[in-house]
Amino acid sequence: MDLTFDHVGVSRGKRRVLHGIDATLRAGRVTAILGPNGAGKSTLLKAALALLPTTGVVRLGVDPVATMDPRARARAIGYLPQDAAVHWNIRARDAVALGRLPHRSAYAAPSAVDEAAIDAALAATETAHLAYRPIGELSGGERARVLLARVLAGEPRWLLADEPLASLDPAHQLDVIARLRAVAAGGRGVAIVLHDIVQAGRLADDVMVLKDGRIVAFGAVADVLTPATLEPVFEVAFGTLAGPHPICIAIERLGR
Ligand SMILES: Nc1ncnc2c1ncn2[C@@H]1O[C@H](COP(=O)(O)OP(=O)(O)OP(=O)(O)O)[C@@H](O)[C@H]1O
């Protein structure tokens, strides 16, 4: 089930921060969303979750996201925000269990299906050994993996994540990339905001590049992750390396 942006615009205060976004993000693929600071990447994810008022329409399949039943929407689209926090010092496993809330009736105890999904998410993020530790005592990277587990536990049809690799060491970055690719390989949709262009090449099938609230490139990773496309966007000279996936590396700032 694809996620479609049909002329989507967002204003924050008096400023227009997204302009007429037209794009279809495909289920079964990983889409990386790149762009300079302030380009509108996080805003695009929030628009897809109906967390912000928008002009235009975001659709999951044929259904406008904004008018979906909130529980159905929470089951369908999982979200890992930038700088996600847990405001109570609960155990990691209980934090992951929160990801199952849209599947449970109010006050019901987790079912066997819920417990299995929680255990699978802990295993997938290598956080089972942290399950009974207070989340406030975990390192930044451990907490980031637990919060990813919370989203995975909800088994959403679409997974939207804002910078999920930022605080992870290389081994756990590779694990999370493998996990997100597995989610997409299972037919679900994955859209990830990233700053690391090398990781985008490793993770993504498609890349959307935003600048000043507009799409400046959107397509298959090999077509978009090129110096010709990226240099005017980031105002940085890029070089390429041969590898199993497109590797584009920032070399130096342009025009300085
Ligand atoms: N609550 C807000 N009120 C006013 N303006 C906002 C608000 N949140 C974001 N903006 C503005 O909207 C624009 C887009 O912000 P957004 O967070 O989507 O950018 P981004 O591409 O995710 O940036 P970054 O890479 O720095 O995380 C920016 O100019 C930002 O200053």
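Relevant structure appears above.
Here is what the cut-offs are and how they apply
- Residues numbered from 1 in each chain as written.
- Predicted model: local features only at pLDDT ≥ 70, side-chain atom pairs only at ≥ 80, totals over all residues.
- Helix = DSSP H or I, 4+ residues; strand = E, 2+ residues; numbered from the N terminus.
- Rg over C-alpha atoms; globule rule 2.2 N^0.38 Å.
- Buried ≥ 20, exposed ≤ 12 C-beta atoms within 10 Å, placed from the backbone.
- Contact = placed C-beta atoms within 7 Å.
- Pairing = 2+ DSSP bridges.
- Expected span 1.5 Å × (residues − 1).
- Arc of directions from axis to C-beta.
- Axes fitted to C-alpha atoms, helices over the stretch in contact; angles between N-to-C directions.

### Remarks on the overall build of the protein chain
What the protein chain contains, in helices and strands, is 9 helices and 12 strands. Its C-alpha radius of gyration of 18 Å places the protein chain within 12% of the 18 Å reference for a compact globule of 256 residues. In terms of its C-alpha atoms, the protein chain occupies a principal-axis envelope of roughly 60 × 40 × 35 Å. Looking at the protein chain residue by residue over its 256 residues, the buried ones come to 39%. Counting contacts in the protein chain only where the partners sit at least 6 residues apart, residues at least 24 apart contribute 63% of the total.

### Some details on unusual backbone geometry
Most peptide bonds take the trans form, and the phi angle of most residues other than glycine is negative. One non-glycine residue with positive phi stands out, namely Glu155, at about 45 degrees. Relative to the helices and strands, Glu155 resides in the loop between helix H5 (140–153) and strand E7 (158–162). Positioned with a positive phi, Glu235 is a non-glycine residue whose angle comes to about 55 degrees. C-beta crowding within 10 Å serves as the criterion here: with 12 such atoms nearby, Glu235 is assigned to the exposed category.

### What about the pairing of strand E1 (residues 3–12)?
Sheet analysis places E1 next to strand E2 (residues 15–25), joined by 7 bridges and oriented antiparallel. Directly across from Phe5, in E2, lies its bridge partner Ala23. Taking the residues between adjacent antiparallel strands as the criterion, E1 and E2 are bridged by 2 residues, where Gly13 takes a positive phi near 60 degrees. Looking at chain direction, E1 and strand E4 (residues 55–60) are connected through 5 bridges and run antiparallel. The residue of E4 that forms the bridge with Asp6 is Val57.

### Side note on helix H4 (residues 112–124)
In a regular helix each residue adds 1.5 Å, so 13 residues correspond to 18 Å; H4 covers 18 Å between its end C-alpha atoms and thus fits that length. Taken together, the buried positions of H4 are Ala117, Ile118, Ala121, Leu122 and Ala124. For H4, the buried positions fall inside an angular range of 165 degrees around the axis, keeping them on one side. Exposed and oriented more than 90 degrees from the buried face of H4 are Ala112, Ala116 and Ala123. Contact partners of the buried residues in H4: helix H3 (92–97), H5 and helix H6 (170–185). Phi for Glu126, located one or two positions after H4, is positive at around 50 degrees.

### With respect to the sheet that holds strand E6 (residues 77–80)
Overall, mixed pairing links the 6 strands, which are arranged E6-E7-E8-E3-E9-E10 in an open sheet. If you trace the sheet from one side to the other, it starts and ends with E6 and strand E10 (214–220), each paired once. Taken over all neighbouring pairs, the strand axes of this sheet differ in orientation by 15 degrees on average, direction set aside. Here strand E3 (residues 30–34) runs beside strand E9 (residues 206–211); their pairing, made up of 4 bridges, is parallel. Among the inter-strand pairings, Leu34 is bridged to a residue of E9, identified as Val209.

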